[in-house]
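# An overview of the molecular structure
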Amino acid sequence: MTNTKNELTGPRVFVVVDDKKKGKIHLTGGYAKPEMNKSMCGTKIGMKTIVDARDIAPREEYRDSHRWCKRCLGMLDFEALDQKVLFSAIEFSAGTYGQLVLAGHVSRNKPKLMLTPAPEKSEWRTVERD
Ligand SMILES: [Zn+2]
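None of these values were measured; they are calculated from a predicted model. (Residues numbered from 1 in each chain as written. Predicted model: local features only at pLDDT ≥ 70, side-chain atom pairs only at ≥ 80, totals over all residues.)

Take the overall build of the protein next. Tallying secondary structure elements over the protein gives 3 helices and 5 strands in all. For the protein, the succession of helices and strands along the chain, N to C, is β-β-β-α-α-β-β-α. Residues counted as buried form 22% of the 130 residues belonging to the protein. Sequence separation of at least 24 residues holds for 59% of the intrachain contacts in the protein that already meet a minimum separation of 6. (Helix = DSSP H or I, 4+ residues; strand = E, 2+ residues; numbered from the N terminus. Buried ≥ 20, exposed ≤ 12 C-beta atoms within 10 Å, placed from the backbone. Contact = placed C-beta atoms within 7 Å.)

Encoded structure:
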C-alpha cells in the first residue's frame, strides 16, 4: 500500500445514519474504510444513508455521545486531525471529544505530526473563479 497516512489532513470521514432514527450512528470512509463498504467498526451499512460528516457531527442534535457507535468513535482516533475536528463537540460524561482527544493532539510537541509530501501541481484542488 502506498497510502501513507498524513496525521494532519486525511481522507473524508462520513457518517452512517439510520433513517428510522433507531440504532447508533456509525462512521465510514477515512483511512479505515476508504471503499465505504462497511462501517469502521465492521457493521454492515445496508440501506442506511451515508452523509457528509459536516452535516451531522458538528450539529446541535447530534451532540449527545449516546447517539454514536462507541467503537466507530474509537476508530476515529486513527484518522487525520482535520477529520477528528468535525466530531469535537460530541459530549461524553468526562468531557467533549475535543477536550478528551483533540486537545492532546494539538498541544503535543513530540513526536511531530507525520506529514506526507505535497501533491503534484496537476493534482492540486484549485478553486474555479468567474
Ligand atoms: Zn460502528
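Close inspection of predicted coordinates is inappropriate in any region flagged by low pLDDT. For the protein, per-residue confidence averages 92 on the pLDDT scale, and 96% of positions sit at 70 or higher. The least confident element of the protein, judged by mean pLDDT, is helix α3 (residues 97-107) at 89; the most confident is strand β2 (residues 26-29) at 98. (pLDDT = per-residue confidence, 0-100.)

Mapped onto the fold, T116 is located in the segment after α3. On a C-alpha basis, the gap between T116 and N6 in space is 5.6 Å, while along the polypeptide they are 110 residues apart. Among all residues touching T116, those that are not within four sequence positions of it are T4 and N6.

What follows concerns the environment of V101. Within the secondary structure, V101 sits in helix α3. With 19 C-beta atoms packed within 10 Å, V101 lands in the partly exposed category. Through-space distance from the C-alpha of V101 to that of R67 is 18 Å; in sequence the pair is 34 residues apart. Filtering out sequence-adjacent residues up to four positions away, V101 remains in contact with D77 and K84.

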